[in-house]
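# Structural features, examined
The lines below spell out each chain.
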Amino acid sequence: PSTTLLGYLAEGARTNLCTKSQEFDAWTGGSAGAGSNPVVTANAGTAPDGTATADKVVFSAPSAGDLSVITSPAFATVAASVYTSAVYVKAFAAGDVGKQLLTRQAGASGYTAITLSADWQRLGTTETAAVVSTTFDILLRPTFGGSSGTVSCYLWGAQVELGSFASSYIATTTVAVTRNADVLTYPSAGNIDGTKG
């Protein structure tokens with residue numbers, strides 16, 4: 001059988017600034033109005049990489065003006081520079097499919113809606129940092145376009161990086177982690193056709 005060589009995929013160096021990228025139980029919960037702090041159950045589901053490390057998160061914000069938010073540990077940014085955030089998300093149950101959460105980097109002027117599906121999706125947004133230290137927020141806030149009531153989902157693999165697009169996931173624990181640039185090298189000896197001028 002024959003196959004088609006699709007080519008070499010190389011990525012540049014990137015740093016995931018978002019620490020505790022798979023430990024949403026270590027993030028800070030918050031609420032406002034009649035909303036409740038999100039309830040996080042660690043390692044409650046199967047993550048996109050096949051490990052049992054996806055966290056179940058239950059948000060509750062009954063009506064407009066309410067807020068239920070989970071906030072990453074703070075990380076340093078350069079004001080006016082562009083950053084891209086991303087997170088893997090999946091509806092917990094059939095009743096959660098189609099519901100919306102919101103994401104943003106703290107200090108950003110708006111929110112980006114993410115719609116839950118029955119399958120894992122990697123969703124996020126590109127924003128300009130407003131300040132020199134920020135966080136990555138995932139929230140339920142009906143006033144700004146999120147669903148109302150209770151929304152349950154699985155979360156895994158949060159990432160925030162300098163640049164206008166998301167690169168492949170880089171896991172973190174207590175510190176930011178940098179992935180080195182991919183480099184393709186091959187020996188040239190014996191590969192040069194000496195018959196060509």
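Our subject is the structure that appears above.
Computed from a predicted structure; not experimentally measured.

Basis of the calculations
- Residues numbered from 1 in each chain as written.
- Predicted model: local features only at pLDDT ≥ 70, side-chain atom pairs only at ≥ 80, totals over all residues.
- Heavy atoms only, no water.
- Helix = DSSP H or I, 4+ residues; strand = E, 2+ residues; numbered from the N terminus.
- Buried < 20%, exposed > 50% of the residue type's maximum accessible area, 1.4 Å probe, protein only.
- Contact = heavy atoms within 4.5 Å.
- Areas by Shrake-Rupley, 256 points an atom, 1.4 Å probe, with all protein chains shown as cover.
- Salt bridge = Lys/Arg side-chain N within 4 Å of Asp/Glu carboxyl O.
- Polar contact = N/O pair within 3.5 Å; in protein donor to acceptor, adjacent residues only side chain to side chain.
- Pairing = 2+ DSSP bridges.
- Axes fitted to C-alpha atoms, helices over the stretch in contact; angles between N-to-C directions.
- Core = buried A, V, L, I, M, F, W, Y, C linked by side-chain atoms within 4.5 Å.

## Structural notes on the overall build of the protein
- For the protein, the helix and strand inventory stands at zero helices and 14 strands.
- Secondary structure elements of the protein, listed N to C terminal, follow the sequence β-β-β-β-β-β-β-β-β-β-β-β-β-β.
- Residues classed as buried in the protein amount to 39% of the 197 residues present.
- The contacts in the protein between residues at least 6 apart in sequence include a share of 76% that link residues at least 24 apart.
- Accessible surface for the protein amounts to roughly 9,900 Å². Of this, 55% is attributable to carbon and sulfur atoms.

## Overview of the pattern of salt bridges
- Within this structure, the stated rule accounts for five salt bridges.
- Ionic pairing is found between Arg104 and Asp137, a salt bridge with its closest N-O pair at 3.5 Å. Note that Arg104 is positioned in strand β8 (residues 100-105) and Asp137 in strand β12 (residues 136-140), a separation of 33 residues in sequence.

## Side note on unusual backbone geometry
- Despite not being glycine, Asn43 has its phi angle at roughly 50°, a positive value.
- With a relative accessible area of 48%, Asn43 lands in the partly exposed category.
- For Ala80, which is not a glycine, the phi torsion comes out positive at approximately 75°.
- Structurally, the position occupied by Ala80 is in the loop between β6 (75-76) and β7 (82-91).
- Relative accessible area serves as the criterion here: at 62%, Ala80 is assigned to the exposed category.

## Quick look at the side chain of Thr77
- By the secondary structure assignment, Thr77 is in the loop between β6 and β7.
- According to the relative accessible area criterion, Thr77 is buried, its value standing at 7%.
- Engagement of the side chain of Thr77 in a polar contact is seen with the backbone oxygen of Val131, the distance being 2.7 Å.
- When near neighbours in sequence (up to four residues on either side) are disregarded, Thr77 contacts Tyr83, Ala129, Val131, Val132, Ser133 and Thr134.

## Some points on the sheet that holds β12
- Overall, antiparallel pairing links the five strands, which are arranged β2-β5-β12-β8-β9 in an open sheet. Looking along the sheet, the strands with just one partner apiece sit at the ends: β2 (28-32) and β9 (112-115). Shown here is a sheet whose adjacent strand axes are inclined to one another by a mean of 25°, direction ignored.
- Sheet topology places β2 next to strand β5 (residues 67-71); five bridges connect them, and they run antiparallel. Following the sheet pairing, Ala32 is matched in β5 by Leu67.

## With respect to the nonpolar core
- Of all hydrophobic cores here, the largest spans 25 residues; its most connected members are Leu101 and Ile138.
- Contributions of two or more residues to this core are made by β4 (54-61), β7, β12 and β13 (149-162).
- In contact with Leu101, not counting residues within four places along its chain, are Phe59, Thr112, Ala113, Ile114, Leu116, Ile138, Leu139, Leu140, Val151 and Cys153.
- Residues Tyr88, Tyr154, Trp156 and Tyr169 belong to the second largest nonpolar core, which totals six residues.

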